[in-house]
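# Understanding the architecture of this molecule
Spelled out from the first residue to the last, the chains are:
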Amino acid sequence: QPVNMVDIINRVASLFRPQAKEKELTLSLEVPRDLPSVYGDPDMLAQVLINLLDNAIKYTPPRGSITIRAMVLEDELRVEVEDTGIGIPAESLPRIFERFYRVDKARSRELGGFGIGLAIVKHIIRAHGGKIEVESTPGKGSLFYFTLPLAEPASP
Ligand code: ATP
Ligand code: MG
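Heads up: these notes are all about the structure in this document. (Residues numbered from 1 in each chain as written. Chains lettered and ligands numbered in written order. Predicted model: local features only at pLDDT ≥ 70, side-chain atom pairs only at ≥ 80, totals over all residues. Heavy atoms only, no water.)

### Regarding the site of ligand 1
Neighbouring ligand 1 are 20 residues, the closest being Asn 55, Asp 83, Arg 102, Ile 116 and Leu 118. Between a nitrogen atom of ligand 1 and a side-chain N or O atom of Asp 83, the distance comes to 2.9 Å. The contact in question runs from an oxygen atom of ligand 1 to an N or O atom on the backbone of Gly 117, over 3.2 Å. If ligand 1 stood free it would expose 590 Å²; the protein chains cover 95% of that surface. Here the residues of the shell around ligand 1 sort into 10 nonpolar, six polar and four charged. (Near = heavy atom within 4 Å. Polar contact = N/O pair within 3.5 Å; in protein donor to acceptor, adjacent residues only side chain to side chain. Areas by Shrake-Rupley, 256 points an atom, 1.4 Å probe, with all protein chains shown as cover. Nonpolar A, V, L, I, M, F, W, Y, C, P; charged D, E, K, R; others polar.)

### What about the packing of helix α2 (residues 42–58) against helix α4 (residues 117–127)?
The contact between α2 and α4 brings their axes to 9 Å, and the two run at 150 degrees. In the packing of α2 onto α4, the handedness of the crossing is left-handed. Together, Met 44, Leu 45, Gln 47, Val 48, Asn 51, Leu 52 and Asn 55 of α2 and Gly 117, Leu 118, Ile 120, Val 121, Ile 124 and Ile 125 of α4 make up the contact between the two elements. By residue class, the composition of the contact of α2 with α4 is nine nonpolar, four polar and no charged. (Axes fitted to C-alpha atoms, helices over the stretch in contact; angles between N-to-C directions. Helix = DSSP H or I, 4+ residues; strand = E, 2+ residues; numbered from the N terminus. Left-handed = near helix turned anticlockwise from the far one by under 90°. Contact = heavy atoms within 4.5 Å.)

### Quick word on the pattern of salt bridges
Using the criterion set out here, one finds six salt bridges in the structure. A network of salt bridges, in which partner residues are shared, links Glu 30, Arg 69, Arg 78, Glu 80 and Glu 82. (Salt bridge = Lys/Arg side-chain N within 4 Å of Asp/Glu carboxyl O.)

### As for unusual backbone geometry
Of note in the backbone geometry, Glu 24 takes a positive phi value of approximately 55 degrees without being a glycine. On the secondary structure map, Glu 24 appears in the loop between α1 (5–22) and β2 (26–30). For Phe 100, which is not a glycine, the phi torsion comes out positive at approximately 70 degrees. Residue placement: Phe 100 occurs in the loop between β5 (76–83) and α3 (105–111). A residue is classified by how much of its surface remains accessible, and Phe 100, at 55% relative accessible area, is exposed. (Buried < 20%, exposed > 50% of the residue type's maximum accessible area, 1.4 Å probe, protein only.)

Set out below in C-alpha cells:
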C-alpha cells in the first residue's frame, strides 16, 4: 500500500520527544510537507525510524542534536537520521548491521540492548527494495540514511 513517510516521521518523532527532552537533545525535522509516497508496510517503516532514533538518542551525550531529514533523490525517497553522538569506529562500520553485533561490549552493556535494532532495520529496508547506509566519525557523530523506491516514478 502507498505510505506517506512524512506522517510516519512526524509520529515517530513525537514519540521520542520526551526522551530527547530528558537528555536535553535537540530533535529537529527537515522534512518537506509534500513528499511522494512509497509502497510498503507503515508499521515496519515506522519500526525502522524507531530503531534509528532509539540509537541516536542512546548514543548521543546530553545537549547534542539529532536531525531527521527526508528528500527525493532521483527516483527514490531518502530519509536521514543524523546525530552528534559518540560515533562508530571505522573498523566496526561493516559489522553494525549484523545481528547481535555491538561496538565495545562493556560500554554497550551499560546502555542496554541486544544488538538487533540495526539488523531489523536492514531486513525491513531490503524487504522494501531499498538500501541503508551509514557514515560516522568517532567523537563527532553518525549519519544513517536509507532509500526507498517511490510508489509512482517521478515524471520526466
Ligand atoms: P538494540 O537496538 O537491540 O536495543 P543496540 O542498540 O546495541 O541494541 P543496534 O541498534 O543493532 O543494537 O546497533 C548496533 C551497534 O551499533 C550498537 O551497539 C552501537 O555500538 C552502534 N550504534 C548504532 N547506532 C549508533 C549511533 N547512532 N551512534 C553510535 N553508535 C551506534
Ligand atoms: Mg539499537
